[in-house]
Amino acid sequence: MAVLTPTVNSNALIAGFDDPVQHGQQVFRALLKAMSEPGTLIELELNLATPGLLNNSTWQTLLSLLDADTQLWLSPRLNSDERVTSNLRFHCQSPIIDGSKAADFAVALADELPVLRDLNWGTSEYPDRSTTLIVQVPALSDEPHWELTGPGIESRKTARIAGLSEEFRLALINSRKRFPLGVDCIFCCGSKLLALPRSTQIREMRPEEGEA
Amino acid sequence: MYVAVKGGEKAIDNAHALMRKTRRGDESITELTVEQIREQLPLAVDRVMNEGSVYDPELAALALKQASGDAVEAIFLLRAYRTTLPRIGYSEPLDTEAMQIERRISGTFKDLPGGQVLGSTYDYTHRLLDFTLLAEGEAPISALDPETSDEETLDACPRVLELLNKEGLIEQSREADEADHTPADLTREPVNYPAERAVRLQNLVRGDEGFLLSLSYASMRGYGDSHPFAGELRSGRVNVELVPEELGFAIEIGDLFLTECEMVNQFHGNKNQPPQFTRGYGLAFGRSERKAMSVALVERSLRAEELGEEVLYPNQDQEFVLSHSDCVSANGFVSHLKLPHYVDFQSELEMIRRLRREIAAATDEENNK
Amino acid sequence: MSVTSQQANAELTPEQASRKRWIGILAKAELKDLQQHWQALVLPAAPEYQFIRKPETGLTMLRGRIGGSGQPFNMGEMTVTRCALRLASGTLGLSYIAGRSKEHAITAALADALLQEERTAELLESALINPLDEIQQAAQAERMREASSTKVDFFTMVRGED
C-alpha cells in the first residue's frame, strides 16, 4: 500500500456534535418535521462552529443525515473548500463523488445549483432512491412569493427562497409533473431551514397577490 | 402466514421473569461472570463471534450468558447489537503469513520449514471424561517442559502450499501482477447469484458451523467429488491495520486471534489447464478449527462451476448453500412457526374436511350405482 | 502483504514512522497497563484539549485474502473505538482502538497529541511507549515459548508387511 495524500487535512478539522447521538436525533426530528410539514420554517436550537462556507443549518443537516453509505455531491465552491471536504469526510465518511446523477445527497450554494435533471429522480420501482438536494440560500422567509399546497399543508402556505435562478425555479415547479419521481429539497439559511418535498405543488404568486 | 394477536402482556412479562429465574439456576451456587465465560469457555465465545460476525470476546461472552449458553440465541443477540453501530471503514487485508504462530500443522507434509507446532489442542486426548475436573476443579497447570522450547524457529512460517507452488503443481491464489479488487460486502448489498468467490467466502465464514460441517462431510462421502488434504492449518495472532484518511498511512489498531485452513484438492484438469491441485480456503475467528476446515471444504465444493466440474450435489450449489447457511435466518424461519397461524390453519382444516366430504360423497354415489 | 507494507513504510517520513509505531503500541496495550503508566507520568502541566470527535464505538469490516495471499474478501467485523482531540496548542491527537473502551481511546488520543509536542515527546516516549512496547514483546515471547514447546517431528510408520 502506497502512502496516500491525506484527503482530510487534520489542521482543518473542527468539532462535530458535542453529543452525537442526542444532537443527531434532535436535528433529525427537526428535519422530519420540515419534510412532513412542507414550507414550515424551522429554527435549529443548537449553534455549532461551522467548517468553511457551510452555515449552521446546512452543517447540522449533513451531520445528522450523512454516513459512509451515502454518496455526496458538492457544488464547485464547496468542493474546493478544504475545510468543508475535510470535515465532511472526517465526521460523516461519505464518499464525495464527481457526477451528481449518482448522488444520494447533493449540497449546493444557491448561486451554483446543479441542473435539476442531472440529479437522480429515482425510478418508478424505487422513487425513494432519488437525490436529496440541500441548498444553502442567502435568505429564507414565509413572505408571499411562492404558494405551496399539497400533503402536509392544511390549505396553503407561502415561502420566499432567495437566490435561486429563474431556470432552477421553473425546473423545480415543472418537476412536479413527474411525481412520484423527483427530488426532495431542503433549503438552509443561517440556523433556519425549510423543506420542499417533491409532493409539494409550487405556484409563483403575482406581485399584487402578496399584498392581500 | 401468521396473524397479529392482542393481549397476554402479563403472561409474557411473567414468562420472561421465569426465563431469568431458569437462567440463574440454583441461587446457592455462585453466579457466572462474563469474564469467566470469556476466559473459561473460549471456544463457545469463538463460535458466537464467528457466526455473529463480530470480533469482540467480551460481547460474545455476555451474549452467551444472556442466552443461557444457547449459541444460536447468543449469535442472534450479537447480530442485533451490531446493527446499532456505525461502520468505521475497512481494515487492510489481514496478513496471515505474518501470523504469530501458536499452532500449525499439515496433513500433507511431514517436514515443514518452521516445523509442525501442535499448540493448544484437543487432538491426541483420549476423550475420557476427566473426573478430577468434577471433584476438585481444574488442577494447577503444570509448567511446560522447558527442554523442548525452541524459540527462534517459530518466527518465519512460509505457507506450506508454497512448496507445491514452486513446482507449479497447485493453482496460484492470484497472478503476480494482479491488482486488488474491492470485494462486495453482503452486509451492505444482498447476495446475487452467481456470487463471486469473495462473497461466498464472507457468507461461509459467518455460516452455521454444524451446517457446514455436515455439508463438508457429505462432500467427502460421495455426495461431491471431493478428495481433500489439509494442506495447512494455522492459528495465532494477526495484527489489524487500517488507514485513517486523516493520516494517509496504515496504523495498527489491535490484534486478533485467527485460525486459517488451506485444503488441497485434486483437479483432473481441462482443455486449458493441466492436472494440478486446487485450493479451498477457510478463515475463522479464535481457535475455531472445525469451522475453518469446514469453510475450506465447502468453499472448494462451491468452486465446481468455476472449475468446470459438474454440479450434481447440494454442497456444489451456491444458492442452496449460501441462502441456507445462516443460523439467524434459519432459526428465525423455523421459530416463526411458533407464531399464531390460527387463521391459516382454520382454512386448511376447512379444506381437508371439504375434500373428505367430497370423496365420501363420490364413494357413496359409486356404491349406490 | 508484508512486502508491500515494508515498501509503504519506506515511503513514510521519520516523523510518520515514529507516529505509526507509537499509535500501534498505544492501541495494542492492555488497558490496565496503559492506565498504570499514564497515571504515573509527571507532565509539566495538565493537558488542555477539546474533542474533535468524542470517543465513538463502531465496527470495522475486517478483510482477509482468499487463500491467504489472493484477492481481498470481507471476513467479519470487529468493534473499534476512535477519538480525536485538539490540544490548546492546536496539535491533533487521534486514536483507533480495537474494542469498546472509551477510556482507552481518549488516553491514546491524548498520548498521540502529546507525543507530537516537543515539550512532552521525550517523556512519553521513555515513560509510556517504550515500557508498553516491552510488556507487549515479553508477552509475545512468552506465547512463542509455550507454542514452541509443542513442536513435533513425526516419524512415518511404514504401512503393510514389509
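Quick note: structure is the one above.
Attention here is on the structure that accompanies the text. If you're wondering where the values come from, they're calculated on a predicted model, not measured in any experiment. (Residues numbered from 1 in each chain as written. Chains lettered and ligands numbered in written order. Predicted model: local features only at pLDDT ≥ 70, side-chain atom pairs only at ≥ 80, totals over all residues. Heavy atoms only, no water.)

**Some words on the sheet that holds strand S3 (residues 105–109) of chain A**
Residues and elements named next belong to chain A. The following threshold applies: When DSSP finds two or more bridges between a pair of strands, those strands are recorded as paired. Secondary structure counts use DSSP, requiring at least four H or I residues in a row for a helix and at least two E residues in a row for a strand, with both numbered from the N terminus.
In spatial order, the strands read S1-S8-S7-S4-S3-S2; together these six strands make up an open sheet with mixed pairing. The two strands at the open ends of the sheet, each matched to only one other strand, are strand S1 (42–43) and strand S2 (72–74). Bridge count between strand S4 (residues 132–136) and strand S7 (residues 184–189): five bridges; the pairing is parallel. Paired with Ile134 across the strands is Ile186, a residue of S7.

**So, the packing of helix H9 (residues 209–220) of chain B against helix H10 (residues 289–301) of chain B**
Residues and elements named next belong to chain B. Stated precisely, the cut-off is as follows: Axes, fitted as lines to C-alpha atoms, cover a helix only where it is in contact. Angles between the N-to-C directions of the axes lie from 0 to 180 degrees. The scheme is simple: roughly parallel for angles under 35 degrees, roughly antiparallel for over 145, roughly perpendicular for 65 to 115, oblique for anything else. The handedness criterion is simple: a crossing whose near helix is rotated anticlockwise from the far helix by less than a right angle is left-handed, and one whose near helix is rotated clockwise is right-handed. Residues are treated as being in contact if the distance between any of their heavy atoms lies within 4.5 Å. Classes in brief: Ala, Val, Leu, Ile, Met, Phe, Trp, Tyr, Cys and Pro nonpolar; Asp, Glu, Lys and Arg charged; the others, Gly included, polar.
In contact at an axis separation of 8 Å, H9 and H10 are set at 55° when each is read in the N-to-C sense. When the axes of H9 and H10 are compared, the pair comes out oblique. Here the hand of the crossing between H9 and H10 comes out left-handed. Touching Glu209, Leu212, Leu213, Leu215, Ser216, Ser219 and Met220 of H9 are Arg290, Lys291, Ser294, Val295, Leu297, Val298 and Ser301, all from H10. Here the contact of H9 with H10 is composed, by residue class, of seven nonpolar, four polar and three charged.

**Some points on the interface of chain C and chain A**
Defined as follows: Two parts placed together each lose some accessible area under a 1.4 Å probe, and adding up what both lose gives the buried area. In what follows, salt bridge is the name for a side-chain nitrogen of Lys or Arg lying within 4 Å of a carboxyl oxygen of Asp or Glu. Within 3.5 Å is the distance limit for a polar contact, defined as a pair of N or O atoms, with the added protein rule that one can donate a hydrogen and the other accept it, and that residues adjacent in sequence qualify only through two side-chain atoms.
Each partner contributes to the interface: chain C provides 14 residues, whereas chain A provides 14 residues. Carbon and sulfur atoms supply 52% of the area that chain C and chain A bury against each other, a total of about 1,100 Å² over both sides. Applying the counting rule to chain C against chain A returns one salt bridge. Inspection of the region where chain C meets chain A yields six residue pairs in polar contact (both at pLDDT 80 or more). It is strand S1 (residues 49–65) of chain C that provides the largest number of residues to the side of chain C that touches chain A, a total of five residues. Among the residues forming the side of chain C that touches chain A, the class breakdown is seven nonpolar, two polar and five charged.

**Examining helix H3 (residues 42–52) of chain B**
The following threshold applies: Only protein chains enter the area calculation, which uses a 1.4 Å probe; residues under 20% of their type maximum are buried, those over 50% are exposed, and those in between are partly exposed.
Within the sequence span of H3(B), burial applies to B:Val45, B:Asp46, B:Val48, B:Met49, B:Asn50, B:Glu51 and B:Gly52. Of the residues trailing H3(B), B:Ser53 is marked for its positive phi of about 65°.

**Side note on the nonpolar core**
To keep things clear, this is the line we draw: What is meant by a nonpolar core is a set of buried Ala, Val, Leu, Ile, Met, Phe, Trp, Tyr and Cys residues, joined one to another through side-chain atoms within 4.5 Å.
Ranked by internal contacts, the top residues of the largest apolar core, which has 92 residues, are B:Leu256, B:Leu258, C:Leu26, C:Phe73 and C:Leu128. The contacts of B:Leu256, once residues within four sequence positions are left out, are B:Tyr55, B:Leu94, B:Gly236, B:Arg237, B:Val238, B:Val240, B:Phe285, C:Leu62 and C:Met78. Within the second largest apolar cluster, 31 residues are counted, among which are A:Ile97, A:Val183, A:Cys185 and A:Leu194.

**Notes on the interface of chain B and chain C**
Many authors give the size of an interface as the accessible area that is lost as the parts come together. On the chain C side, the residues contacting the 81 residues of chain B number 56 residues. Summed over both partners, the interface of chain B with chain C buries about 6,400 Å², with 58% contributed by carbon and sulfur atoms. On inspection of chain B and its partner chain C, the count reaches nine salt bridges. At the surface where chain B touches chain C, the tally comes to 33 residue pairs in polar contact (both at pLDDT 80 or more). Residue contributions to the side of chain B that touches chain C peak at nine residues, all from strand S6 (residues 251–267) of chain B. For strand S4 (residues 116–117) of chain B and strand S4 (residues 151–152) of chain C, the ladder comprises two bridges, and the chain directions are antiparallel. For B:Val117, the partnering residue across the bridge sits in S4(C) and is C:Lys151.

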